[in-house]
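For reference, the chains in residue letters:
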Amino acid sequence: MILQHIKKRITLNFSTELVYALSLFVLLLVSFAVIVCKLGGDSPNVKTVSVYIVYLVSVVSITRLLKMVLNLFSPKLSSVYEIVVHVCVYVLSVVSIFLIVFFNTMFDYGVMQLINGTNGTECIEFLQTYVLTLPSLLGFFLFALFLTAEIFVRRWIRLRGKTPSALYLVIFIALSIPFAFYVKAFSGSAKGNFDFVNRTSEKLLTYDPIFAIQNTYLQFNAMSGISKVVADNQRNLTATCDDEEPTNIVLVIGESFNKYHSQLYGYVNATNPLLAKLQQDSSLFVFTDAVATYNRTATAIQNMMSTVAYTDTTDWYNGPLFPSIFRAAGYNVNFISNSFALSGLTTYYRSEAFYLCDGVVSKQIFNYQNSHVTKYDHELIDNYRQVRNDLEKESNLVIFQLMGQHVDASKRFPPEFGKFSVSDIKRPKLTEAEKQYIANYDNATYYNDKVINDIIEMYSGTSSVVVYLSDHGDEVYDVRNKVGRSYNVSASEKEILHCQIDVPMVVYVSPKFKEKHPDKVEKIKSAVDKKFTADGLPHMLLDLGSVSTPFYDEKQDVLSEKYSKNRRVLDGLDYDKIMGDGKFGISYGF
């Protein structure tokens, strides 16, 4: 009886469904050839979108083949399966194409980590900046046409009982053409997208969204083990302080600071007047060639905190974090963050910088960590100033992490700091809205100048060093039609790398520190033009704080005569080989 039922199903449905699925495979090959060879030639934009159309249709085709098998046994269950899978496939696929067009990445573990490490405010700002915009909404509309066409073709098969292959070709190629032009018009980095596809096309199935979800689950499970390793590596550390005089080492970690929007690095607008004055007074030293290890906050801070260098053969969490070493040397260590506060965090899976939010690990690293964030950075500083006398001891390591110029820049400064307007942005090729975004970014930078100066003033009367370093850079319509950052930037995109990886770095020394440590001040002066990478920060700070420990590496310390950071590998790219020896200046070609 069962065999007769299956045989009947095969006779009625199998041949039609099989022809349908195979036709889709033929269609995607033909449409790919037509789009690439006839419309786009060697255009990276067109090739990129063609690959992802192939990706989408392949997933849909495989779904149809699975439905065929299930339909042999239970048509009702097959229908439910078809609806659920189609919804999941189309949602995940539209997310993947959105990510590749705007951020040069696929839906993978890294993206899931970013989502998991984002708070509600950041989600709203992301939606406003990237999703609820004309380019994104137009892309979603074009994608919906694919779904509509697929439903139409399925109904045609059911009504006619045959497979109109010619109709497939017309419909899907017709829809592919506007997709190609869409990517050409709105993709921030067509060349970067194409290079990314070339690097991953051979293993495209491993970048399938469903695989990404499974991989993310496995990675999250692994995080619990890493958390224990981080905690264990902060115990029983050997360190001493060789300075008998009380000293404050202050680290200020910025956010999304494009150094080419700072007047300290030649920007046309006066965005850092207070820091510029300190530089003129020889109290502030500006490092000219500092770079981040990543263009993502969590991973950048991992390498900024760990004594393990990015190029070492072991992972970052296998070495102690520099705050723990300072604490072992007798320093009081406080962490004041406008991002990684303790309050409201229920899991250490929150992001790749989870250890900063984990209560157990935090207690091992810091003497104090704030529990609430604030709307503006100066409020965070004011809150700490009120309790500073109760929290600080003789010698202190104090780490401030700011929101800085994080997207959306218009929300990063109070109205009274709205110094720049559209008229101050002399970029005739930009729209008024784009000019306004740049003005907002410059205003956030201008406000950030005040925040950093307030921190400096807080410690100017003591023997103190204040080091400012941004976690990464950002794009602000500098060389292309894009704001924010994109991942998997290719080696051929030098200007984009400069905007996203180059970071501002300054060191302030107080009068008392100058008097007590003239040798260290001279070392800072001689280091400002050296090649610096953020993963060398722990060793520089240990030197400034006169901390002796087996974990200090003078070859990683930019202040040391034995410093040997001549080759910088960042996010898998040989940065100095890519950039060469030439000086960089934004051409503002966009």
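Everything quoted here is computed from the prediction, not taken from an experiment.

### Side note on the overall build of the chain
Then, in step 1: On a plain count of helices and strands, the chain comes out with 20 helices and 15 strands.
Then, in step 2: Each of the 590 residues in the chain was classed as buried or not, and the buried ones make up 58%.
Then, in step 3: When contacts within the chain are restricted to residue pairs at least 6 apart in sequence, long-range pairs at least 24 apart make up 78% of them.
Then, in step 4: Summing over all exposed atoms, the chain offers an accessible surface of approximately 25200 Å²; the carbon and sulfur share of this is 59%.

### A look at the nonpolar core
Then, in step 1: By size, the foremost hydrophobic cluster in this structure holds 55 residues, and its most contacted members are Phe-326, Val-467 and Met-540.
Then, in step 2: Here this core gets five residues from one element, more than from any other, and that element is helix 19 (residues 537-544).
Then, in step 3: Excluding its chain neighbours within four sequence positions, the residues that come into contact with Val-467 are Val-250, Leu-251, Val-252, Met-505, Val-506, Val-507, Leu-537, Met-540, Leu-541 and Leu-544.
Then, in step 4: Judged by nonpolar contacts, the second largest core, of 46 residues, contains Tyr-265, Leu-284, Ile-425 and Val-466.

### Some words on the environment of Met-540
Then, in step 1: Take Met-540: it is sitting in helix 19.
Then, in step 2: Judged by its relative accessible area of 0%, Met-540 is buried.
Then, in step 3: On a C-alpha basis, the gap between Met-540 and Ser-560 in space is 8.4 Å, while along the polypeptide they are 20 residues apart.
Then, in step 4: In contact with Met-540, other than residues within four places in its own chain, are Phe-287, Val-467, Met-505, Val-507, Phe-532, Asp-557, Val-558 and Leu-559.

### Quick word on the confidence of the model for the chain
Then, in step 1: Mean pLDDT over the chain stands at 76; residues scoring 70 or higher make up 58%.
Then, in step 2: Counting interchain partners and residues more than four positions distant, the pLDDT-below-50 stretch residues 1-52 has 90 contacts.
Then, in step 3: In this model, residues 344-352 is a region of pLDDT below 50 whose contacts with residues beyond four sequence positions or in other chains number 33 contacts.

### Some points on the pairing of strand 7 (residues 396-401)
Then, in step 1: Burial analysis of strand 7 places six of its six residues in the buried class, which makes it a mostly covered element.
Then, in step 2: Here strand 7 shows a buried face lined by Asn-396, Val-398 and Phe-400 and a second buried face lined by Leu-397, Ile-399 and Gln-401.
Then, in step 3: Examined bridge by bridge, strand 5 (residues 332-337) and strand 7 share six bridges and lie parallel to one another. Counterpart to Asn-334 in the pairing with strand 7 is Val-398.

### Thoughts on the sheet that holds strand 7
Then, in step 1: With respect to topology, seven strands assemble into an open sheet ordered 3-11-8-2-7-5-6, the strand pairing being mixed. Bordering the open sheet on either side are strand 3 (284-287) and strand 6 (368-369), each of which pairs with just one other strand.
Then, in step 2: Note: strand 8 (residues 464-470) against strand 11 (residues 505-509), five bridges, orientation antiparallel. What sits directly across from Val-466, in strand 11, is Tyr-508.
Then, in step 3: Relative to strand 8, helix 19 is tilted by about 170°, and along the sheet it contacts strand 2 (248-254), strand 3, strand 8 and strand 11.

The rules behind these values
Residues numbered from 1 in each chain as written. Predicted model: local features only at pLDDT ≥ 70, side-chain atom pairs only at ≥ 80, totals over all residues. Heavy atoms only, no water. Helix = DSSP H or I, 4+ residues; strand = E, 2+ residues; numbered from the N terminus. Buried < 20%, exposed > 50% of the residue type's maximum accessible area, 1.4 Å probe, protein only. Contact = heavy atoms within 4.5 Å. Areas by Shrake-Rupley, 256 points an atom, 1.4 Å probe, with all protein chains shown as cover. Core = buried A, V, L, I, M, F, W, Y, C linked by side-chain atoms within 4.5 Å. pLDDT = per-residue confidence, 0-100. Pairing = 2+ DSSP bridges. Axes fitted to C-alpha atoms, helices over the stretch in contact; angles between N-to-C directions.

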